Structure formats: C-alpha cells, structure tokens
Amino acid sequence: MTRTCSTTTGCKTMNICDETGDVFFTVTCAGDTYCTEDVAGAATCELDQPADCDDEVPSPPETTPIEPLVCTAEGFFPDPYECNVFHYCSGYGLQSDFQTCPENTVFNPEFNSSSPCKAKEDDESDCSQVDCTENSVFKHFGTSEKYFAYCWEDPDSTADPKEIKVSMFMCIEGTSFDGVQCAFQCKEEGNFANPRSSTTYYQCYYANEVLVGRMLTCPGSRQFDENLKICR
C-alpha cells in the first residue's frame with residue numbers, strides 16, 4: 001500500500017493506493033492535522049498545514065469522537081467501539097488513520113476483497129465492540145479469530161479510576177486467536193514455516209485421529225527452509 005495526498009478533495013484527505021497505483025480508499029486527517037507528503041512522496045497526517053493548502057477548504061464534520069489507534073502492525077483494524085469505523089495502520093508504533101464506512105455498511109473483520117466494509121445485515125452480529133469490564137488480559141473482538149484487543153489503564157490519566165485505553169491486534173495469516181495468543185492452525189500433516197521466526201517451525205501430525213500441531217526449534221544456527229520443509 002502507498003499513501004498520497006488527494007489533489008481533488010482538499011488538503012485533509014489522503015488516498016491509500018494499491019500496488020497498481022489505483023485508489024483503494026480514502027481517509028480524512030483527524031482534527032487539526034493535514035495531509036503532507038515527504039520528499040519521497042509518502043503521505044502522512046501532520047499538524048503543520050502545507051503552504052499550498054487552501055484555508056477555505058472546510059474540514060469534514062466529525063460525527064463521532066473517534067480516537068486514532070496506536071498501531072501494533074501494518075494493515076486494517078476495526079475500531080473497538082464503532083462498528084462502522086475502521087483504521088489503517090502504515091506501520092508499528094504509528095498513529096492510525098481512520099475512516100467511516102458508507103451508510104448502511106460496517107467494517108468486515110474477515111474481508112479479503114477490495115473493500116473493508118460490508119452491507120449491514122444484523123444489528124447484533126454485525127456490530128462488535130470491545131468490553132473492557134471483563135476480567136481477562138486479552139479480549140475477543142466479536143466472533144473474529146483474526147482480531148483481538150488488550151485493555152489497559154492510561155498511566156497519564158488524572159481521572160479516578162484511570163481512563164481505559166484499548167490496543168487492537170491482528171493475527172497473521174495461518175494463525176487465529178484462541179483467547180490467549182495467535183495459534184497456528186494445522187490444515188494438513190507436515191512441517192510449516194513460522195512467519196514470526198525463521199528458527200522455529202510448526203509440525204502438524206495426527207494423534208488419536210485428531211490433527212494437532214507443535215512448535216519446534218531448529219538446532220544450532222540453522223533456519224527452517226520453507227521449500228524443503230527442513231532446518232538447514
């Protein structure tokens with residue numbers, strides 16, 4: 001994904017483009033931030049207003065008090081409270097850009113098409129929210145096996161009790177959230193690469209006619225070869 005400032009909808013709009021350069025979707029810079037491109041042409045939302053920005057361009061009204069997420073990875077993330085809002089993260093530790101889905105649509109946690117939004121079919125099943133009152137470290141995000149949340153007290157909060165913040169996480173392809181972690185899902189027998197570590201791999205096998213898996217570590221300084229399915 002690449003990011004460019006829109007040349008047609010004012011200096012607060014940023015285009016997220018796919019590998020071919022076509023606009024995948026647009027996001028609106030929040031609050032008093034403006035779309036700014038660096039010397040390499042990559043766009044971000046910054047407080048400094050560009051010199052060529054028209055002061056007369058109105059900022060789109062914010063209908064909900066949406067807060068950006070602190071990004072835990074690159075990609076799309078659901079908003080923890082508003083089901084018709086999604087966030088796009090361009091990298092770890094950065095602030096997300098958020099966007100509202102079109103009317104009568106909501107964010108689709110399982111999307112793999114050209115749009116992260118889907119038609120709203122049912123108020124309850126289509127609208128997931130993070131419940132930080134539950135006594136658990138990590139929280140399921142609705143029925144999604146891909147996204148999960150972590151609730152934590154803001155140490156800088158002066159409120160009593162302290163304000164609760166939410167971090168959203170995403171399991172990588174081939175894994176799913178099991179309530180504790182992103183666990184690898186065995187689909188067939190064999191050895192499979194661990195996307196998070198080249199020195200470990202997953203071994204899937206049948207035990208009592210049930211397909212199970214375990215993570216193994218390559219000996220010494222060896223690394224797992226995904227093509228040969230062995231450590232070398």
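Up top you'll find the structure we're talking about.
None of the values given here were measured: they were computed from a predicted structure.

On to the overall build of the protein. Across its full length, the protein holds zero helices and 20 strands. A burial count over the protein gives 36% of its 232 residues as buried. Considering only residue pairs separated by 6 or more positions, the protein has 33% of its internal contacts joining residues 24 or more positions apart. Accessible area of the protein: about 14,600 Å², with a carbon and sulfur share of 47%.

Backbone hydrogen bonds are what pair the strands of a sheet, in a parallel or an antiparallel way. Read from one edge to the other, the open sheet built from three strands follows the order β11-β12-β13, with strand pairing classed as antiparallel. Whereas interior strands pair on both sides, the edge strands pair on one side only; in this sheet they are β11 (138–140) and β13 (164–170). This sheet shows a mean twist of 35 degrees between the axes of neighbouring strands, independent of strand direction. With seven bridges connecting them, strand β12 (residues 147–153) and β13 associate as antiparallel partners. Opposite Tyr147, over in β13, you have Met170 as the bridge partner.

Our focus in this paragraph is the nonpolar core. By size, the foremost hydrophobic cluster in this structure holds 26 residues, and its most contacted members are Phe76, Phe77, Val130, Tyr147 and Met168. Two domains each provide a minimum of three residues to this core, namely domain 1 (2–46) and domain 2 (70–175). Ignoring anything within four residues of it in the chain, the contact list for Val130 reads Pro80, Tyr81, Lys139, Phe141, Ala149, Cys151, Val166 and Met168.

This part covers the sheet that holds strand β7 (residues 85–89). Taking strand neighbours across the sheet as the criterion, the three strands line up as β6-β7-β8 in an open arrangement whose pairing is antiparallel. The open sheet is flanked by β6 (75–78) and β8 (97–100), the only strands paired with a single partner. Across the sheet, the mean angle separating the axes of adjacent strands is 30 degrees when strand polarity is ignored. Sheet topology places β6 next to β7; four bridges connect them, and they run antiparallel. For Gly75, the partnering residue across the bridge sits in β7 and is Cys89.

Attention now goes to the packing of aromatic side chains. The tally for this structure, following the rule as stated, stands at 14 aromatic pairs. Measuring from ring centre to ring centre gives 6.2 Å for Phe107 and Phe111, while their planes differ by 65 degrees; the resulting arrangement is edge-to-face. Phe111 gets classed as buried once you look at its relative accessible area, which sits at 11%. A ring pair is formed by Phe107 and Tyr147, whose centres lie 6.0 Å apart and whose planes are at 65 degrees; its orientation type is edge-to-face. Of this pair, Phe107 sits in strand β9 (residues 105–107) while Tyr147 sits in strand β12, placing them 40 residues apart in sequence. With respect to class, Phe107 is no different from Tyr147; both count as buried. Among the aromatic residues, those joined into a cluster by ring pairs are Phe76, Phe77, Phe86, Tyr88, Phe107, Phe111 and Tyr147.

All right, on to the environment of Glu145 then. Among the secondary structure elements, Glu145 is positioned in the loop between β11 and β12. Filtering out sequence-adjacent residues up to four positions away, Glu145 remains in contact with Glu110, Cys171, Ser176 and Phe177.

As a further point, take the side chain of Ser96. Of note, Ser96 is situated in the loop between β7 and β8. For Ser96, the side chain forms a polar contact with the main-chain nitrogen of Leu69, separated by 2.8 Å. Polar side-chain contacts of Ser96 include one of 2.8 Å to the side chain of His87.

Attention now moves to the state of the cysteines. This model, assessed by the stated rule, comprises eight disulfides. A disulfide bridge connects Cys83 with Cys127, and the sulfur atoms are separated by 2.3 Å. What sets the handedness of the Cys83 and Cys127 disulfide is the S-S torsion sign, and at about -85 degrees it is left-handed. With Cys83 in the loop between β6 and β7 and Cys127 in the loop between β10 (117–119) and β11, this pair connects stretches of sequence that are 44 residues apart. By relative accessible area, which is 25% here, Cys127 ends up partly exposed.

Calculation rules
Residues numbered from 1 in each chain as written. Predicted model: local features only at pLDDT ≥ 70, side-chain atom pairs only at ≥ 80, totals over all residues. Heavy atoms only, no water. Helix = DSSP H or I, 4+ residues; strand = E, 2+ residues; numbered from the N terminus. Buried < 20%, exposed > 50% of the residue type's maximum accessible area, 1.4 Å probe, protein only. Contact = heavy atoms within 4.5 Å. Areas by Shrake-Rupley, 256 points an atom, 1.4 Å probe, with all protein chains shown as cover. Pairing = 2+ DSSP bridges. Axes fitted to C-alpha atoms, helices over the stretch in contact; angles between N-to-C directions. Core = buried A, V, L, I, M, F, W, Y, C linked by side-chain atoms within 4.5 Å. Domains from an automatic or database assignment. Phe/Tyr/Trp six-rings, centres within 6.5 Å; stacked < 30°, edge-to-face > 60°. Polar contact = N/O pair within 3.5 Å; in protein donor to acceptor, adjacent residues only side chain to side chain. Disulfide = S-S within 2.5 Å.

In short, geometric facts, not functional conclusions.
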